[in-house]
Amino acid sequence: MSQHPVLPSRRRRTRVARILSTVVAAAGAVALTGCTPIVNMQPATEAIDVSCAELSVRLPDEVADQPQRETDAQGTAAWGDPASVLLRCGVPTPGPTTDPCYSVNDVDWIMDDSDKPNYRFTTFGRTPAVEVFIDSDVVSGTTVITDLSTAVSVIPSDGACTSVDDAVPAD
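Report follows, based on the coordinates. (Residues numbered from 1 in each chain as written. Predicted model: local features only at pLDDT ≥ 70, side-chain atom pairs only at ≥ 80, totals over all residues. Heavy atoms only, no water.)

Further remarks concern the environment of serine 51. Here serine 51 lies in helix H2 (residues 50-56). Overall, the relative accessible area of 10% leaves serine 51 in the buried class. Sequence spacing of serine 51 and alanine 129 is 78 residues, and the spatial spacing of their C-alpha atoms is 9.7 Å. Aside from chain neighbours lying at most four places away, what touches serine 51 is Pro128, Ile155 and Pro156. (Helix = DSSP H or I, 4+ residues; strand = E, 2+ residues; numbered from the N terminus. Buried < 20%, exposed > 50% of the residue type's maximum accessible area, 1.4 Å probe, protein only. Contact = heavy atoms within 4.5 Å.)

Quick look at the sheet that holds strand E3 (residues 76-79) now. Spatially, eight strands are ordered E1-E2-E3-E4-E8-E7-E6-E5 in an open sheet, and the strand pairing comes out antiparallel. For this open sheet the edge positions go to strand E1 (62-63) and strand E5 (101-104), each flanked by a neighbour on one side alone. Where strand E7 (residues 118-124) lies against strand E8 (residues 129-135), five bridges are found, and the strand directions are antiparallel. Of the residues in E8, the one forming a bridge with asparagine 118 is aspartate 135. (Pairing = 2+ DSSP bridges.)

Let us look at the pairing of strand E6 (residues 107-115). Here E5 runs beside E6; their pairing, made up of four bridges, is antiparallel. Its bridge partner lying in E6, cysteine 101 is registered against isoleucine 110. Remark: two residues form the turn of the hairpin made by E5 and E6, two consecutive strands paired antiparallel; asparagine 105 in that turn has positive phi of roughly 50°. Two strands pair when backbone bridges link them, and E6 and E7 are joined in this way by six bridges, in the antiparallel orientation. Counterpart to aspartate 108 in the pairing with E7 is phenylalanine 124.

As used here, a disulfide is simply a covalent bond connecting the sulfur atoms of two cysteines. Scanning all chains against the criterion turns up two disulfides. One disulfide in the model links cysteine 52 with cysteine 89; its S-S distance is 2.1 Å. A torsion of -80° about the S-S bond marks the disulfide between cysteine 52 and cysteine 89 as left-handed. Taken together, the residues cysteine 52 in helix H2 and cysteine 89 in strand E4 (residues 85-91) connect sequence positions 37 residues apart. Classification of cysteine 52 as buried rests on a relative accessible area of 1%. (Disulfide = S-S within 2.5 Å.)

All right, on to the pattern of salt bridges then. Throughout the structure, instances matching the rule amount to five salt bridges. For the salt bridge of arginine 120 with aspartate 112, the shortest nitrogen-to-oxygen distance reads 3.0 Å. Residue aspartate 112 is classed as buried on the basis of its relative accessible area of 18%. For aspartate 113, the salt bridge is made with lysine 116, and the minimal N-O distance between the two is 3.7 Å. A residue is classified by how much of its surface remains accessible, and lysine 116, at 54% relative accessible area, is exposed. A network of salt bridges, in which partner residues are shared, links Arg88, Asp112, Arg120 and Glu131. (Salt bridge = Lys/Arg side-chain N within 4 Å of Asp/Glu carboxyl O.)

Dropping the structure here:
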């Protein structure tokens, strides 16, 4: 009498394959998470504002082709490894300034370039304000604020940038 090997049923092989693929995927996720440490950040004074929570859930997974990173503070976000884009929601709303202001997708941003090659962009006319730090050696500021403007637009606008040229002359 010849013996034939006993093979598991097709259903059992499929189930085993699914379990193995889940285990491999989970191990890969753990390995990747271990390679990218959490970005240490300080929350802004108004980070608990509900608008910051609404912003946080709308932030893109990538900004300027940089993957999002986990942060350890409420109302914050980071992208890149090492982090080249840092966001804090809930910073004080800026007042009048002579710094340049740019409107991108209906969101106004004040640009501070006093620490080149690092730039700080702060929303103008939105409360709470959002602040974004950018390492311009790694990413383009224009690309970053373009990528973030849709998410930031959930914070209602209560003002806009103006220019001295827009002022009405006094009679």
